[in-house]
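# Reading the structure
One letter stands for each residue in the lines below.
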Amino acid sequence: MQYEVEIGGKVRQVVVTRTGGAFAVSVDGRTRQVDAVRVDANTLSLLVDSLLPAEHGPAGQRDARANRVYEVSSAPGLGAGELQVHVGSAPVAVTLNGRRRWGQKQDGRGAGSGPQRVIAPMPGKIVRVLVNAGDRVSPRQSVVVVEAMKMENELRASREGTIAEIHVRQGMSVDAGTLLLVIQ
Amino acid sequence: MLIANRGEIAVRVARACRELGLSPVAVYSECDRAALHVRYADEAYPIGPSAPRESYLRIDRLIEAAKKSGADAVHPGYGFLAENEAFAQAVGDAGLTFIGPSPAAIRTMGSKTAARAAAIRAGAPVVPGTEEALTDTDIAEVATSIGYPLLVKAVAGGGGKGMRTVADASDLANAVRAARSEAGAAFGDASVYLERRLTRPRHIEVQLLADAHGTVIPFVERECSIQRRHQKVVEETPSLVVSPSLRAAMTSAAAAIAKAVGYTNAGTIEFLVDEDGRFYFLEMNTRLQVEHPITELVTGLDLVRWQIRIARGERLDIDPARALVPNGHAIECRIYAEDPDNGFLPSPGRILQLRAPAGPGIRDDSGTAAGLDVPIFYDPMISKLAAWAEDRPLAIARMRRALGEYLIAGIKTTLPFFTWLLAQPEFLDGRFHTTYLDEVLQARNGVPFADAGADVEEIAAIGAALQAMLSPSTSSAAANGSAANGSAPGAQTWRARARVEGLRGA
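A brief structural summary. Within any chain, residue numbers begin from 1 and follow the written order of that chain's sequence. Chains and ligands are labelled sequentially in the order written, the chains with letters from A and the ligands with numbers from 1. In view of the model being predicted, local features appear only for residues whose pLDDT reaches at least 70, and side-chain atom pairs are presented and counted only at 80 or more, with totals across whole chains, interfaces and linings using the full set of residues. Values shown for side chains rest on all heavy atoms present in the structure; no hydrogens or waters enter the calculation.

## Side note on the overall build of chain A
Each helix corresponds to a stretch of at least 4 residues labelled H or I by DSSP, and each strand to a stretch of at least 2 residues labelled E; elements are numbered beginning at the N terminus. A count of helical and extended segments in chain A gives 0 helices and 17 strands. Exposure classes here rest on a 1.4 Å probe applied to the protein chains alone. A residue is buried below 20% of its type maximum, exposed above 50%, and partly exposed in between. Counting over 184 residues, chain A shows a buried share of 43%. When contacts within chain A are restricted to residue pairs at least 6 apart in sequence, those whose partners lie at least 24 apart make up 41%. The contact criterion used is simple: two residues touch if any of their non-hydrogen atoms lie within 4.5 Å.

Below is the structure:
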């Protein structure tokens, strides 16, 4: 199975192949052997091969390698395809786009990074929209100011893109989860 | 015991009740029905809509709940009505015992100017400043005698509100106007007083217990200088800059102030300590403090239990040396549902996973759990994480280990910020003061705390892909954005388990 996984603005091609009871997982062409078991609904325990590509010794024997332990939990994020992943306790924002079964896209999403959905984290009022449709924005650029809990809060683009949709204007009240902007 | 509070402190008080054989009674606002403090109690009563002024600040509803439950006593926790003399009075008037000081002591020490006057009477050094609220005509003259830089502060104030820094005489009039306006809006009292502003001071406080028989026991100090916009984020005990002789002087002064006002029960005297090691009385908190666990860890004493025992009329039979000489070192981090990469904006929402650290020397005081929402109406605290060890370096190492174990998913938290902070050289060396944190945060200029690094990102990609492959129902729900809250974990677990069995069978 092939996935496009976007983290921190960078899209990685991830291919997962079952190998007996475990998996060969290649990330942008670099393959590791991974043993994965589920520990609860959201969490996998992984034993991941070292950094070198998988090798077979003479006569098809596999070298014994030290297996690095990782615990990866994931939960749905607010936007489509978005996941909040934790590697151990470290949070990583991940967007999983377009499951492909050997080249066939299943959900019709475009290739490349998915859209950034800027969403109101809590109820509030739009103080200022700082951009116009069509503007290019850079990572961490402020795009909208929301007043909530007696403070003004700037919401930012997490990576670069173009303002595709603006769903709010100054003075509007918004609920938590309201879609404010979409950045392509 | 009716616990007139919520969240972690309500759970804390309820635990002390259980250990004493007292039945804890909880109160809850609309959004708190399923909160941990309610589920932990023996009885629970609704007290109104979620906004604090319609529930946890409603004296009438709290008294009514106490009467309905047949409680004998009311513990106010911290925040809300804990330092409200009208509440303490109402509890007494209803024939119930208030777990805290008298209404008169709350009134005296609750007024910043009256508290300063009491400290001066007790012979304690105070920050150079005025004792009374000032009229605009007096202010310029008094300011000159105090010296610049100085602070204009609200008499009825707290939490940094109604406060303005004044660098020199030309800024004074504007600062006074602004402070009065803010104080009037926040506290309903526009009175202000002046205080010298110390450069790079440390905020060091002394815990006290006082019984109704005249005994006052001061405790080893707490170092609380790591603050973001006047809010404490990390506390530790003992302080690196407090020698035994300074400790003796500060704790004696604290005890003298408490005695001078006839204080009873738990309280804390806050001092500022300047770069030359001189200490000055700042204010008194007439309640239990958030950071009380670190004191409990280095003394082995249970402060909430003592609050209840004192309220019952018991005598303090603590060996003073036990309270003053710390065993080891303890640090506390306040874990908040805030996004440190977005100005520490509160991050309300559902906690999808929560796994708190454990093991030697770790104490986590939590008021929430996985599956619960962090409400928008209150302080977004997840827990207070404390680490104890034989010395400060070991306590720091232990805290870092604990932060690495703490998994909280579904909301943003300050965990990545603490991981960073506890690696900073100034923190490790103990070279900090009350504006240190604001300064280094500004210097970071928005660089994210939650940057995981390439290796971790690669593992996240592997994990996300495997998760999608092993539970297609979860990933397609994610891809459709329909699992924003409440995908059915039960069904997934069942399917997931079936798949694991399938894998194992291969």
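## Concerning the sheet that holds strand 6 (residues 150–154) of chain B
All names here are of chain B. Following DSSP output, two strands are said to pair if at least two bridges run between them. Strands sit in the order 7-6-8 across an open sheet of 3 strands; the sheet is antiparallel. Each edge of the open sheet is held by one strand with a lone partner, namely strand 7 (164–166) and strand 8 (192–196). If you compare each strand with its neighbour and ignore which way they point, the axes differ by 30 degrees on average. With 5 bridges joining them, strand 6 and strand 8 adopt antiparallel strand pairing. Bridged to Val 152 within strand 8 is Leu 194. The strands touched by helix 8 (residues 172–187) are strand 6, strand 7 and strand 8; relative to strand 6, the strand with the most contacts, the crossing angle is about 25 degrees. Simply put, an axis is a line fit to the C-alpha atoms, just over the touching stretch for a helix, and the angle between two N-to-C directions goes from 0 to 180 degrees.

## Quick notes on the nonpolar core
We call a set of buried residues a nonpolar core when its members are Ala, Val, Leu, Ile, Met, Phe, Trp, Tyr or Cys and they connect through side-chain atoms within 4.5 Å of each other. Ranked by internal contacts, the top residues of the largest apolar core, which has 36 residues, are B:Ile335, B:Phe417 and B:Leu421. Listed by contribution, the elements that provide at least two residues to this core are strand 12 (231–237), strand 15 (329–336), strand 22 (381–389), helix 13 (392–405), helix 14 (415–421) and helix 16 (436–444) of chain B. Excluding residues that lie within four positions of it along the chain, B:Leu421 makes contacts with B:Ile226, B:Val234, B:Phe427, B:Tyr436 and B:Leu437. In this structure, A:Tyr3, A:Val87, A:Val92 and B:Ala461 belong to the second largest nonpolar core, which totals 32 residues.

## Things to note about the side chain of B:Thr295
All names here are of chain B. Position of Thr 295 among the secondary structure elements: in helix 10 (residues 292–299). Here the side chain of Thr 295 touches Arg 222 through a polar contact of 2.8 Å, side chain to side chain. If we ignore the near neighbours within four places in the chain, the residues touching Thr 295 are Phe 219, Arg 222, Thr 237 and Leu 303. Polar contacts here mean pairs of N or O atoms no more than 3.5 Å apart (in protein, one a potential hydrogen donor and the other a potential acceptor; neighbouring residues in sequence count only if both atoms are side-chain atoms).

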